[in-house]
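Working through the structure, step by step
Below are the chains, spelled out letter by letter.
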Amino acid sequence: MNRRSFVLALPATCAVLTLPRAFAHHGWSSFDDNRPIYLEGTVKKASWQNPHVELILETPADLKLPADLAKRSVPAQSTSLDAAGILGKTTVPRRKDRTWEIELAPLTRMNQWKVPEIKAGEQIALVGYTFKDEQGEAILRAEYLFRGNSVTPLRSGPV
């Protein structure tokens, strides 16, 4: 291959090599933010990297909404998002998948909140959004991360 052919082929080669990752990332507009859902369970895999932190979460077969969820306090930064309203209308998913892919905030925001790295085996809970009518893959875009007694709003940064 001569130099000119190589230079012309390079952009196409780079595009092809990045396609699998580009297709794996889901745009936020495809999530139904009118119906927040609650998940809790055991982290099976954690990828602490950009473009955002990703987890594989195994949920219990008898997943239930915590009775106190709507009354939980959240950091003031999320009040502009109507945190009380979001938590108040949260439900458990109708679908029965036990394994969910979780998309958290970008790593930079996780670092701003000083969220310790999530590891496999950890128990966490989340409120977030899945696809409209729960169609497609079992993926949750997380809005709130609950770890022990701490709550992290993932759409805002700390003040």
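Residues numbered from 1 in each chain as written. Predicted model: local features only at pLDDT ≥ 70, side-chain atom pairs only at ≥ 80, totals over all residues. Heavy atoms only, no water.

Glancing now at the overall build of the chain. Secondary structure summary: the chain contains three helices and six strands in total. Along its sequence from the N terminus, the chain presents helices and strands in the succession α-β-β-α-β-α-β-β-β. The burial tally for the chain puts 40% of its 159 residues in the buried class. In the chain, once contacts between residues fewer than 6 apart in sequence are set aside, the share between residues at least 24 apart is 74%. (Helix = DSSP H or I, 4+ residues; strand = E, 2+ residues; numbered from the N terminus. Buried < 20%, exposed > 50% of the residue type's maximum accessible area, 1.4 Å probe, protein only. Contact = heavy atoms within 4.5 Å.)

With that out of the way, let us pick up unusual backbone geometry. Cis geometry is found at the peptide bond from asparagine 50 to proline 51, where omega equals 15°. By the element assignment, proline 51 lies in the loop between β1 (37-47) and β2 (54-58). Although it is not a glycine, lysine 114 sits at a positive phi angle of roughly 60°. On the secondary structure map, lysine 114 appears in the loop between α3 (107-112) and β4 (123-129). Accessibility expressed as a relative area gives 70% for lysine 114, which makes it exposed. We note that glutamate 134 has phi near 55°; this positive angle belongs to a residue other than glycine. Relative to the helices and strands, glutamate 134 is located in the loop between β4 and β5 (139-147).

In this section: the nonpolar core. Within the largest apolar cluster, 39 residues are counted, with the highest numbers of intra-cluster contacts made by Ile102, Leu104, Met110, Leu126 and Tyr144. Secondary structure elements with two or more residues in this core: β1, β2, α2 (83-88), β3 (99-103), α3, β4 and β5. The element contributing the most residues to this core is β5, with six residues. (Core = buried A, V, L, I, M, F, W, Y, C linked by side-chain atoms within 4.5 Å.)

Right, let's get into the environment of serine 150. Summarising the element assignment, serine 150 is placed in strand β6 (residues 150-153). The partly exposed category is assigned to serine 150, whose relative accessible area is 37%.

This part is about the pairing of β3. Judged from the five bridges that link them, β2 and β3 form a sheet pairing that is antiparallel. Within the sheet, the bridge partner assigned to glutamate 58 lies in β3 and is threonine 99. Pairing between β3 and β5: three bridges, direction parallel. Bridge assignment links glutamate 103 to a residue of β5, and that residue is arginine 141. (Pairing = 2+ DSSP bridges.)

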